[in-house]
Amino acid sequence: MGLLVSEIFFSVQGEGPGIGKPAVFLRLSGCNLKCAWCDTKYTWHGGKMMTEPTVLKEIKRYPCKRLVVTGGEPLLQQDNLMPFAEEAEGLFR
């Protein structure tokens, strides 16, 4: 099992209830929506297939307890994303 990943990075949450808080961003690749207002069109195609252990290892590198999964369209990978999210949940308690 794996996820098609565009990038993993550490930044500050820019919207929602977590605004201003540090977060690890897991940006997935692939999108079938192609919204006109999209600011990450580079995620529509490409990416790198990464195993769950590899993604978890990368996420653990950052001093943070908040994970944001974004895309592309993350639900295109829901069969692999949901088990990953359950596993990753233990890192962020």
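As a reminder, the structure under discussion sits directly above these lines.
Treat the numbers as computed from the prediction; the structure is a model and nothing was measured.

Trainee: Can you explain the overall build of the chain? Please cite residues and give values.
Mentor: The helix and strand tally for the chain stands at two helices and four strands. In terms of C-alpha radius of gyration, the chain reaches 13 Å, essentially the compact-globule figure of 12 Å for 93 residues. Its C-alpha atoms give the chain principal-axis dimensions of about 35 × 30 × 20 Å. Split into buried and exposed, the 93 residues of the chain put 37% on the buried side. Considering only intrachain contacts with a sequence separation of at least 6, the fraction spanning at least 24 residues in the chain is 66%. When the accessible area of the chain is evaluated, it comes to approximately 5800 Å², of which 55% is carbon and sulfur surface. Here the chain contributes 11 positively and 10 negatively charged side chains, and the mean placements of these two sets differ by 7 Å.

Trainee: Tell me about unusual backbone geometry, and name the residues and values.
Mentor: Positive phi, close to 50 degrees, is recorded for K34, a residue that is not glycine. The class of K34 is partly exposed, set by a relative accessible area of 35%.

Trainee: Before we move on, can you summarise helix α1 (residues 52-60) with the specific residues and values?
Mentor: For α1, the full list of buried residues reads E52, V55, L56 and I59. Along α1, the residues classed as buried sweep out an arc of 100 degrees about the axis, all on the same side. When the buried face of α1 is taken as reference, the exposed residues oriented beyond 90 degrees from it are P53 and K57. Where α1 is buried, its residues touch β1 (2-12), β2 (22-28), β3 (48-51), β4 (67-70) and α2 (78-89).

Trainee: Mind laying out the environment of L4, listing which residues take part and the relevant values?
Mentor: With respect to the secondary-structure elements, L4 resides in strand β1. For L4, a relative accessible area of 25% puts it in the partly exposed group. Setting aside chain neighbours within four positions, we find L4 in contact with L28, S29, G46, G47, K48, M49 and Q77.

Trainee: With reference to specific residues and values, describe the pattern of salt bridges.
Mentor: If you walk through the whole model with that rule in mind, you get two salt bridges. For R27, the salt bridge is made with E7, and the minimal N-O distance between the two is 2.8 Å. With R27 in strand β2 and E7 in strand β1, this residue pair connects regions lying 20 residues apart in the sequence. We classify E7 as partly exposed; its relative accessible area is 26%.

Trainee: Outline the side chain of Q13, supporting the account with residue identities and numerical values.
Mentor: Within the fold, Q13 resides in the loop between β1 and β2. On the accessibility criterion, Q13 (11% relative accessible area) is buried. The residues touching Q13, leaving out its near neighbours within four places in the chain, are G18, I19, G20, K21, A23, F25 and V68.

Trainee: Summarise the pairing of β1; cite the residues concerned and give the values.
Mentor: Where β1 meets β3, four bridges bridge the pair, whose relative direction is antiparallel. In the strand pairing of β3, V5 is matched with K48. The pairing of β1 with β2 spans seven bridges and is antiparallel. Bridge pairing in β2 links F9 to F25.

The rules we used
Residues numbered from 1 in each chain as written. Predicted model: local features only at pLDDT ≥ 70, side-chain atom pairs only at ≥ 80, totals over all residues. Heavy atoms only, no water. Helix = DSSP H or I, 4+ residues; strand = E, 2+ residues; numbered from the N terminus. Rg over C-alpha atoms; globule rule 2.2 N^0.38 Å. Buried < 20%, exposed > 50% of the residue type's maximum accessible area, 1.4 Å probe, protein only. Contact = heavy atoms within 4.5 Å. Areas by Shrake-Rupley, 256 points an atom, 1.4 Å probe, with all protein chains shown as cover. Lys, Arg positive; Asp, Glu negative; His and termini not counted. Charge placed at Lys NZ, Arg CZ, Asp CG, Glu CD. Arc of directions from axis to C-beta. Salt bridge = Lys/Arg side-chain N within 4 Å of Asp/Glu carboxyl O. Pairing = 2+ DSSP bridges.

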